[in-house]
Amino acid sequence: MLIKPSLIAGSERRFKQAEFSPDALNRKLGDGPIEMTVDKMRLRQRQLLAETQDVEKAEIGLERIIQGNDLDSINYLAKGTAASRSVCRIQLRDLKSNLLGYGSGFLIGPGLLMTNHHVFGKPAEAANSIADFNYELDISGQERVPVRFGFEPGKFFYTNDRLDFSIVAVAPTSQSSGEELEDFGWLPLSGAPGKADPGEYLTIIQHPSGQMKQVCVRENKLLKYVGDFLWYNTDTTAGSSGSPAFNRFWQVVALHHSGVPRKDAQGRTLTKDGKVWKPSMDESLIDWIANEGIRISAIVADLKVAVGSHPMIKPVLDEEEPPTRHEVEKVRAPATAPAFGANIWVEQSLDGTSLVVPIRVPLPMLRKDIPFAPLPPVPGPAGGNGGAPNGGTPLIPPPAALLPHISANNGLPMEAVHIDQSTLKSRPGYKASFLGTGKFSVPLPKIPAALKSSIATLKGSSKQSELKYFNYSVVMNKERRLAFFSCVNIDGGKQQDVGKREGDSWLRDPRIDDDAQIGDEFYRKQATLEADRSKNPFDRGHLVRRLDATWGDTVAAAKQHGDDSFHFTNCSPQFFSFNQGKQLWAGLEDYTRDVLLEGEEKGIVMNGPVFDGPDADGSDLPNPAGRPHKDPSFGGVQIPKYFWKILIRRNEDGDALKAAAFLMSQRKLIMDIDRIQEADLREKMSEEDVSVFQVSIADLTKLTKLDFGNLADADSHEATSVGPRRIESYEDIRL
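Residues numbered from 1 in each chain as written. Predicted model: local features only at pLDDT ≥ 70, side-chain atom pairs only at ≥ 80, totals over all residues. Heavy atoms only, no water.

### Brief notes about the overall build of the protein chain
Part 1 of the reasoning: A tally of regular secondary structure across the protein chain gives 17 helices and 27 strands.
Part 2 of the reasoning: Pairs at least 24 apart in sequence give 71% of the contacts found in the protein chain among residues at least 6 apart. (Helix = DSSP H or I, 4+ residues; strand = E, 2+ residues; numbered from the N terminus. Contact = heavy atoms within 4.5 Å.)

What follows is the structure in structure tokens.
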């Protein structure tokens, strides 16, 4: 698999912040005994008991883990062989079926496969690709006949670039032999954290460089957990992209994705033979000094929030067990001899040409970038044109208007956004007493007298500036044509599942002047990452997110409330590579929203830009007391260097408010934007990163000049003792 340098750079950044030496930590951990607290031992014992269903086996297993004992029951090998059936090689093919490379993947539930985001970044990349199961040697050393399945991204596709994983639907039957996908089982995913401990050895099953299936048994020692990621050393071959990493009980603990390479004095990545690695080379050639995997518990947590209600994901989250497979091989019925030449082909791979059995020559009559989910049969008289002879999709497709609208980003059905602006005057807006009265009241931020002249007021009312919507409110800066702030009430007990949607219809708010808000004359309609963004790389980034406003007494009301977030007053220009990704900035609200949903609690989120914030002088975080520095312009619009966010809720005892403030810096992306040539723009956007910090509300007051009232007293950030904190994972957040 060809791996992007930016992916390695992300791993290197996390590795640097984790502050550990793989060799030193490996020596310190040794080969046992493993240090565990009493609570940790109890947790592992409960996990082992659930896995083995035997008290004695669970106790023996825990003792062996702690002592570093490699002794295991003979059925360990049989269990590993069973687990390996669900692992496959992925042939990456473009829309013309040209071979682009290889990756690994594994089944996680009925009809679903997981691999890396950098293997399948969007549905179109999976459309013509192939999953090769049984691409391995049998017990006698002979090559088994691969069983090939196609992918169905139109049926299901979900991806998360921050956690570098993608899940895609797989066809239920193979392309040629008619074998059932169900026969290959799947690997259940447990959302429980701590399925392995530092010092334990992990096993990786993989297809390195597209080779036949291989296993690296207990050669990768788990070194350290860092947020949503874990690190393990590499004594032999590193894992290939999309490989599962198992603990000694064959539970999947991580999805392998990248690592830290050995480098020369010039900072160049080296191969195993000491040569300089180039991006055109396969990842297996890199001399890795440490491997990085994504924790399965983090992946499961993301799935619960993002697509937990989808019927295909429910068996995964329920940890549904695969059907029992009998050890006796199926005997195939005799088949008629194929025509000469029908069972061979020449396949061009990355390193040569191979003769492969059998042949498959696709002759598409119609090609779509993203295939739609299969449509149900159209009823009709037997033998008539109304239905297909086999009861499947009719030969004559229904009108295009009947087809579902499929998202190019995630492959899921979308619904149109509808906003009734005739009722804008009756919108209730943000409620200061949402968390309670008195000391629990959280009023909108106050704008200082020095900035009063910049406030956009409603037409016909020079004293009213609050734009009220469903569940949230906005106050606009008419000079910058962006919001001073946008504040939303979130009720975890009234969240409704209204399905996946994307907003294509943004509207100006007629209650204020048009020239006090930025519209599509600036953003222009660029819907996908594949479009040329050099003319305008900025997206309409939500301040109040649709999901946060999507709550109410009924599904219809919740949809109406969420749709109301698609007003231009509620957006700000953000680089498309940041806004369309699932970065930690959006993840902060996913994290908080998940907490509120679980406890059916109420919360408040405040958002806004920092106007003309101090320059960071080469770092990511500005000095709150620094001098204002004018924001750079693009297309006649000044682009904020920083955005802020405050999360507010009651504490666990319910007797006080707790608040946490964050600052997002896109300074690196935009400080030189006036001088960026169009040809260099995309490269800069892909190389630079967005930084997120937890800061004190007192410092945020200095940066924004806004008065946040009693929130400074509720701040959960110990500003005087540690200062601003860089956020790399949810574990770094102090709520």
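### Focus: the environment of A556
Part 1 of the reasoning: Inspection of the secondary structure puts A556 in helix 11 (residues 555–563).
Part 2 of the reasoning: When the C-alpha positions of A556 and Q496 are compared, they lie 9.0 Å apart, and in sequence the two are 60 residues distant.

### Here's the deal with the nonpolar core
Part 1 of the reasoning: Of all hydrophobic cores here, the largest spans 49 residues; its most connected members are M606, W644, I646 and I648.
Part 2 of the reasoning: Contributions of two or more residues to this core are made by strand 18 (482–491), helix 9 (520–523), strand 21 (602–610), strand 24 (642–650), strand 25 (657–665), strand 26 (691–695) and helix 16 (697–704).
Part 3 of the reasoning: Among the nonpolar cores identified, the runner-up in size contains 31 residues, and L187, L255, V300 and M312 belong to it. (Core = buried A, V, L, I, M, F, W, Y, C linked by side-chain atoms within 4.5 Å. Buried < 20%, exposed > 50% of the residue type's maximum accessible area, 1.4 Å probe, protein only.)

### Considering the sheet that holds strand 4 (residues 130–133)
Part 1 of the reasoning: The seven strands lie next to each other as 5-4-1-2-3-7-6, forming an open sheet whose pairing is antiparallel. Across the chains shown, the open sheet's two edge strands, defined by having one partner strand only, are strand 5 (147–150) and strand 6 (157–160). When the angles between neighbouring strand axes are averaged without regard to direction, this sheet yields 30 degrees.
Part 2 of the reasoning: Where strand 1 (residues 87–93) lies against strand 4, three bridges are found, and the strand directions are antiparallel. Looking at strand 4, one finds that I90 is bridged to A131. (Pairing = 2+ DSSP bridges. Axes fitted to C-alpha atoms, helices over the stretch in contact; angles between N-to-C directions.)

### A look at the pairing of strand 6
Part 1 of the reasoning: Burial of the side chains of strand 6 extends over both faces: F157 and T159 are buried on one face and Y158 and N160 on the other.
Part 2 of the reasoning: Where strand 6 meets strand 7 (residues 165–169), four bridges bridge the pair, whose relative direction is antiparallel. Residue pairing in the sheet places T159 in a bridge with S166 of strand 7.
Part 3 of the reasoning: Two successive antiparallel strands, strand 6 and strand 7, enclose a turn made up of four residues, where D164 displays a positive phi of approximately 55 degrees.

### A few points about the pairing of strand 24
Walk down a regular strand and you will see the side chains alternate between the two sheet faces.
Part 1 of the reasoning: The buried count for strand 24 comes to eight of nine residues, which makes it a mostly enclosed element.
Part 2 of the reasoning: Relative to strand 24, strand 21 runs antiparallel, the two being bridged by seven bridges. Bridge pairing in strand 24 links G608 to W644.
Part 3 of the reasoning: For strand 24 and strand 25, the ladder comprises nine bridges, and the chain directions are antiparallel. Residue pairing for strand 25: R650 is matched across the bridge by L657.
Part 4 of the reasoning: Between strand 24 and strand 25, which pair antiparallel and follow one another directly, the connecting turn spans six residues, one of which, G654, has a positive phi of 75 degrees.

### Structural notes on the pattern of salt bridges
Part 1 of the reasoning: Applying the stated criterion across every chain, the model contains 20 salt bridges.
Part 2 of the reasoning: Ionic pairing is found between D228 and R162, a salt bridge with its closest N-O pair at 2.7 Å. Here the residue D228 occupies a position in the loop between strand 9 (214–226) and strand 10 (229–232), and R162 occupies one in the loop between strand 6 and strand 7, the gap between them amounting to 66 residues.
Part 3 of the reasoning: By relative accessible area, which is 9% here, D228 ends up buried.
Part 4 of the reasoning: As a salt-bridge pair, R508 and E521 come within 3.0 Å of each other at their nearest N and O atoms. With R508 in the loop between strand 18 and helix 9 and E521 in helix 9, this pair connects stretches of sequence that are 13 residues apart. (Salt bridge = Lys/Arg side-chain N within 4 Å of Asp/Glu carboxyl O.)

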